[in-house]
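# Observations on the three-dimensional arrangement
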Amino acid sequence: MRPFGYAAPATLDEALRALSESGPGTKVLAGGTTLYDLMKLDVETPPAVVDIRALPELAGIDTAGSSELSFGAGALMADVAADPVLRRDYPALAESLAKAASQQLRNMATVGGNLLQRTRCPYFRGGLAFPCNKRRPGSGCAAIGGLDRGHALLGGSDACIATYPGDWAVALIAFDAALDVAGPRGRRTLPLADLHVEPGDRPEREHTLAWDEIVTRIRVPVTAAGRGSTFHKVRDRASYAFALASAAVAVTLGEGGAVEECRIAVGGVATRPWRCHSAERELVGAVLDRRSARRAGESAFAGARPGRHNAFRVELGIRTVAEALRIAGERAVR
Ligand SMILES: Cc1cc2nc3c(=O)[nH]c(=O)nc-3n(C[C@H](O)[C@H](O)[C@H](O)COP(=O)(O)OP(=O)(O)OC[C@H]3O[C@@H](n4cnc5c(N)ncnc54)[C@H](O)[C@@H]3O)c2cc1C
Ligand code: SF4
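So, a few notes on the structure that sits alongside this text. (Residues numbered from 1 in each chain as written. Chains lettered and ligands numbered in written order. Predicted model: local features only at pLDDT ≥ 70, side-chain atom pairs only at ≥ 80, totals over all residues. Heavy atoms only, no water.)

## Some thoughts on the side chain of Thr-163
Relative to the helices and strands, Thr-163 resides in the loop between helix H8 (122-126) and helix H9 (168-174). Apart from residues lying up to four places away in sequence, Thr-163 is in contact with Thr-119, Arg-120, Gly-150, His-151, Ala-152, Gly-268, Val-269 and Ala-270. (Helix = DSSP H or I, 4+ residues; strand = E, 2+ residues; numbered from the N terminus. Contact = heavy atoms within 4.5 Å.)

## Section: the sheet that holds strand E5 (residues 68-72)
Across the sheet, which stays open at both edges, the five strands sit in the order E4-E5-E8-E6-E7 with antiparallel pairing between neighbours. Each of the sheet's edge strands pairs with one partner strand only, and the pair in question is strand E4 (61-62) and strand E7 (186-191). Two elements, strand E6 (residues 178-183) and strand E8 (residues 214-221), share five bridges in a ladder whose sense is antiparallel. Within E8, the residue paired with Val-181 across the bridge is Val-215. Packing of helix H1 (residues 12-22) onto the sheet brings it into contact with E6, E7 and E8, and relative to E8 it is tilted by some 130°. (Pairing = 2+ DSSP bridges. Axes fitted to C-alpha atoms, helices over the stretch in contact; angles between N-to-C directions.)

## Structural notes on the sheet that holds strand E10 (residues 245-253)
Read from one edge to the other, the open sheet built from four strands follows the order E9-E10-E11-E12, with strand pairing classed as antiparallel. Two strands in the sheet have a free side with no partner beyond their single neighbour: strand E9 (229-234) and strand E12 (274-275). The pairing of E9 with E10 spans six bridges and is classified as antiparallel. When the sheet's bridge partners are listed, Ser-229 is paired in E10 with Ala-250.

This is how it looks when you write it as structure tokens:
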């Protein structure tokens, strides 16, 4: 690891000042569970880090509000996953965190840092020997035509097919979450759907946050569909593994089991958290059963572009959506 500067401000204003003073390339440090990892691999080489762990403005979890849930970006994954109201009323949100990483990591990692983790593409992490447009723009992509078992089926480009690996953002995007963001140019609210971007011809650009901005809070509008929700995650091991396919699903059911409200997002299969509006439209008004759930899954993966070794994950993804809908339907408010 290279030498780097370290600042530990006590307030949000001090943190924003420290970022500006340190200059471009400086990184915000939260739990450090992925940033330090990438610095050891020389993928990230910031001149300095600004530690935001002590900032009171980023603390706190509020799941008691009548219009929204609110999570400080500095809240620990473990604490949010264990929140009793969240587990009861929004199981998809709690499960997306509880099924991520390991207990030790969740005790250290924050819900803000989780959103901004980078791809686990082995070529990206593997060193400069591999062509990687994300790491070295213009160098090519070793995954296209290479070992692409874990790579994206949706949202890829001719320049990059790296999967967005996080679980929490997939559940949040299904619930129309928004982020409060602070920067030297003021405060703004950013819909989570506008945070991550597809690689296109600039895979090195992964999100729309400026380097000197800090996510302070994650907000989720209250919805009755929360109760009928689940985050279903399929992986190579039963725990401590990234998703081969995941689905965050929430439904409310009316008379005779007809779907009234429906939210579907998929993860582990796309270059960004992937909301499936067409699959949702497919289901609204239909009776939720095995056939309609399968149809929704097929709709979610209609645009899939498999490579050499990952075609099996199209069927896996369809089944993951269908199974998530079955679980959500059993939990749904009628
Ligand atoms: C072995 C292993 C397995 C894992 N498995 C999973 C998994 O199954 N599912 C899953 O979802 N994740 C998984 N993870 C990822 C893990 O959840 C993340 O490392 C963690 O959530 C990152 O949070 P952090 O607070 O440590 O962030 P950091 O490492 O401190 O930061 C991560 C990035 O976010 C930026 N950042 C952090 N906070 C803010 C903020 N408030 N505002 C602006 N920028 C910010 C940092 O600058 C950095 O770029 C795994 C990680 C490891 C090491
Ligand atoms: S998929 Fe993206 S991150 Fe992976 S090698 Fe190709 S360009 Fe790099």
